[in-house]
Amino acid sequence: RHQWRGVNALEQEDVSVEILVALVKFFLDHSIHTSVLASGRTPYVFNGSDYRDFEDFYKSTVGIQFEEGITPLDVLQSDGNSGLLESQTAIIISHIPDSNIFSLGTTVRDGHVILVMNASCYLDADANEIKHKVGVARHQGNEIVVVAQADSVIKDLGENLYVATT
C-alpha cells in the first residue's frame, strides 16, 4: 500500500466533511432529495428533501466517524445489499487516492457515479500523482471533480460539479 507523505489526516477528514456539507446544502436548498450513507466505526445514514432538513443534517455530521479499511467501494456494495440509497446518482467523496475508486464510475452500479476527490493536504509530489490518476480515470470515462485545497471547496465544486452533473 502506498504511504502518502505529509498528510494531516484530521484536517483532511474535516475537508471531506466540508465537501459533504456543501453538497447536501446545495441539493436541499434546491429541493433535491438527498441520501447520505457513510460507513465508518458506525454506519451513518441521512435522508432529506428540502432546506428544512439541513439543520438536522448539519448537527448530525459530528456523528460521522472515519475508519481505515472501509472504502467507497465497500459502501456502494453494502448499499446494493441494503438499498439505503434511493438515487440513481451516487456522488462519492474520498480523500484516499485508492486506485479502485478512480474506476468506480465505469465498474460499479447501474446508475450514475461521480467521484469528488479531496486532494487537499497532500504534498506537491502526491498531488501531482493524484492529478495523473485523475487524468487517466477521466480518459477512461469516469467523472471526477477534484477539490484541490481546503479553502477552495466551494470554488472547485461550483466550477466542476455542474459540468459533471449535466
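Notes on the structure follow. (Residues numbered from 1 in each chain as written. Predicted model: local features only at pLDDT ≥ 70, side-chain atom pairs only at ≥ 80, totals over all residues. Heavy atoms only, no water.)

Here we look at the overall build of the protein
Okay, step 1: Counting its secondary structure elements, the protein contains six helices and five strands.
Okay, step 2: Starting at the N terminus and walking to the C terminus, you meet the elements of the protein as α-β-β-α-α-β-α-β-α-β-α.
Okay, step 3: Each of the 166 residues in the protein was classed as buried or not, and the buried ones make up 39%.
Okay, step 4: With the model as given, the accessible surface of the protein reaches about 9,400 Å², and the carbon-plus-sulfur share is 51%. (Helix = DSSP H or I, 4+ residues; strand = E, 2+ residues; numbered from the N terminus. Buried < 20%, exposed > 50% of the residue type's maximum accessible area, 1.4 Å probe, protein only. Areas by Shrake-Rupley, 256 points an atom, 1.4 Å probe, with all protein chains shown as cover.)

Description of the layout of surface pockets
Regions of empty space are outlined by a rolling probe, equal in size to a water molecule, passed over the atoms.
Okay, step 1: There is about 210 Å³ of room inside the second largest pocket.
Okay, step 2: The wall of the second largest pocket is formed by 13 residues, among which Ala-119, Ala-127, Lys-131, Ala-148 and Gln-149 lie closest to the centre.
Okay, step 3: The residue inventory of the lining of the second largest pocket, partitioned by class, reads eight nonpolar, three polar and two charged. (1 Å grid on protein atoms, 1.4 Å probe; cavity = no way out; pocket = protein on both sides within 12 Å on 5 of 7 lines; lining within 4 Å. Points joined across faces, edges and corners; volume = space filled by probe spheres on them. Nonpolar A, V, L, I, M, F, W, Y, C, P; charged D, E, K, R; others polar.)

Concerning the sheet that holds strand S4 (residues 112-118)
Okay, step 1: Ordered by their spatial adjacency, three strands build an open sheet running S3-S4-S5, and the pairing between neighbours is parallel. On the outer flanks of this sheet lie strand S3 (89-94) and strand S5 (143-147), each paired with one strand and no other. Each strand of the sheet is rotated relative to its neighbour by a mean of 20°, with strand direction disregarded.
Okay, step 2: Of the strand pairs in this sheet, S3 and S4 are connected by six bridges, and their pairing is parallel. Across the sheet, the residue bridging to Thr-89 is His-112, located in S4.
Okay, step 3: Against the sheet, helix H1 (residues 9-29) makes contact with S3, S4 and S5, and its axis sits at roughly 155° relative to S3, the strand it touches most.
Okay, step 4: Each of S4 and S5 is contacted by helix H5 (residues 124-139), which is oriented at about 160° to S5, the strand it contacts most. (Pairing = 2+ DSSP bridges. Axes fitted to C-alpha atoms, helices over the stretch in contact; angles between N-to-C directions. Contact = heavy atoms within 4.5 Å.)

Observations concerning the pairing of S4
For a regular strand, side chains alternate in direction, first toward one face of the sheet and then toward the other.
Okay, step 1: With six of seven residues buried, S4 is to be regarded as a mostly interior element.
Okay, step 2: The pairing of S4 with S5 spans five bridges and is classified as parallel. Of the residues in S5, the one forming a bridge with Asn-118 is Val-147.
Okay, step 3: A crossover connection joins S4 to the parallel S5 through H5; in handedness this β-α-β unit is right-handed. (Right-handed = clockwise from strand over helix to strand, strands pointing away.)

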